[in-house]
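# Descriptive structure summary
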Amino acid sequence: LSVTGVQTCALPISPPHKPGTLRMRGLPFRATTDDIYRFFLGLQISSNNGIVLGQRDGRATGEAWVTFTSPAEAQRAMSKNNTHLGSRYIELFAT
């Protein structure tokens, strides 16, 4: 799994609002970018800052923004809404 194109976002700096971006909420605080890639296995995540992990005061917020290669791919990714990553269920929102 590749982690190129990963960045962290110290909130309240505005997270990405690009077409094809979904906000993830409910991530385990120890979730990694590899965990997010595995969660969306089979879907095409953008290689240009495709995953932005939310942080506040240097700590994980349990949120991430994932930009897919197209809005249609993001729509396909919505099928993962309310599924589990580890013991946590993940909510997905279009941005």
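These numbers come from a predicted model, not from an experiment. Per chain, residue numbering runs from 1 following the sequence as it is written. Since the coordinates come from a predicted model, pLDDT governs what is reported: local features require at least 70, and pairs of side-chain atoms require 80 or more to be given and counted, while whole-chain, interface and lining totals use all residues. Hydrogens are left out, water is left out, and the side-chain values use all remaining heavy atoms of the structure.

## With respect to the overall build of the protein
Here is the rule: Secondary structure elements follow DSSP: runs of H or I no shorter than four residues count as helices, runs of E no shorter than two count as strands, and numbering proceeds from the N terminus. Contacts were defined at the residue level, with two residues in contact if any of their heavy atoms lie within 4.5 Å.
Secondary structure summary: the protein contains 2 helices and 6 strands in total. Mapped from its N terminus to its C terminus, the protein presents α and β elements in the order β-β-α-β-β-α-β-β. Considering only contacts in the protein between residues 6 or more positions apart, those separated by 24 or more positions represent 72%.

## Some remarks on the nonpolar core
In plain terms, the rule: In these notes, a set of buried Ala, Val, Leu, Ile, Met, Phe, Trp, Tyr and Cys residues joined through side-chain atoms within 4.5 Å is what counts as a nonpolar core. Residue burial is assigned from relative accessible area. The probe radius is 1.4 Å, only protein chains are included, and a residue is buried under 20% of its type maximum, exposed over 50%, and partly exposed in between.
Within the largest apolar cluster, 20 residues are counted, with the highest numbers of intra-cluster contacts made by Met 24, Leu 27, Ile 36, Phe 40, Val 66 and Phe 68. Looking at this core, the elements that each hand over two or more residues are strand E2 (21-25), helix H1 (33-39), strand E3 (51-56), strand E4 (59-67), helix H2 (71-77) and strand E6 (88-94). Here this core gets 3 residues from one element, more than from any other, and that element is H1. Not counting chain neighbours up to four residues away, the residues in contact with Met 24 comprise Ile 36, Phe 39, Phe 40, Gly 62, Glu 63, Ala 64, Val 66, Ile 90, Glu 91 and Leu 92.

## Examining the packing of aromatic side chains
Applicable threshold: Working definition: rings of Phe, Tyr and Trp (its six-membered ring) pair if their centres are within 6.5 Å, and the pair is stacked with planes under 30 degrees apart, edge-to-face with planes over 60 apart, and tilted otherwise.
Under the criterion given, the structure shown has 2 aromatic pairs. Ring centres of Phe 39 and Phe 40 lie 4.9 Å apart, and the angle between their planes is 85°; on these two criteria the pair is classed as edge-to-face. On the basis of relative accessibility, which here comes to 1%, the residue Phe 40 falls in the buried class. Ring centres 5.1 Å apart and planes at 85° place the aromatic pair Phe 40 and Phe 68 in the edge-to-face group. Within this pair, whereas Phe 40 is found in the loop between H1 and E3, its partner Phe 68 is found in the loop between E4 and H2, the two being separated by 28 residues in sequence. The structure contains a cluster of three or more aromatic residues connected by ring pairs, namely Phe 39, Phe 40 and Phe 68.

## As for the side chain of Glu 73
Within the secondary structure layout, Glu 73 lies in helix H2. Look at Glu 73 and you get buried, because its relative accessible area is 8%.

## Concerning the pairing of E6
Counted only if it meets this: Two strands form a pair only when DSSP identifies at least two bridges running between them.
Relative to E6, E2 is paired through 4 bridges, and the arrangement is antiparallel. Note on E6: the bridge partner recorded for Leu 22 is Ala 94. Note: strand E5 (residues 83-85) against E6, 3 bridges, orientation antiparallel. Looking across to E6, one finds that Thr 83 is bridged to Ile 90. Between the antiparallel neighbours E5 and E6 lie 2 residues, among them Gly 86 with a positive phi of about 65°.

## Some words on unusual backbone geometry
The residue Asn 49 is not glycine, and still its phi comes out positive at about 50°. With respect to the helices and strands, the residue Asn 49 is situated in the loop between H1 and E3. Taking the relative accessible area as the measure of exposure, Asn 49 reaches 29% and is therefore partly exposed. Its identity is not glycine, yet Asn 82 carries a phi of approximately 65°, on the positive side. Position of Asn 82 among the secondary structure elements: in the loop between H2 and E5.

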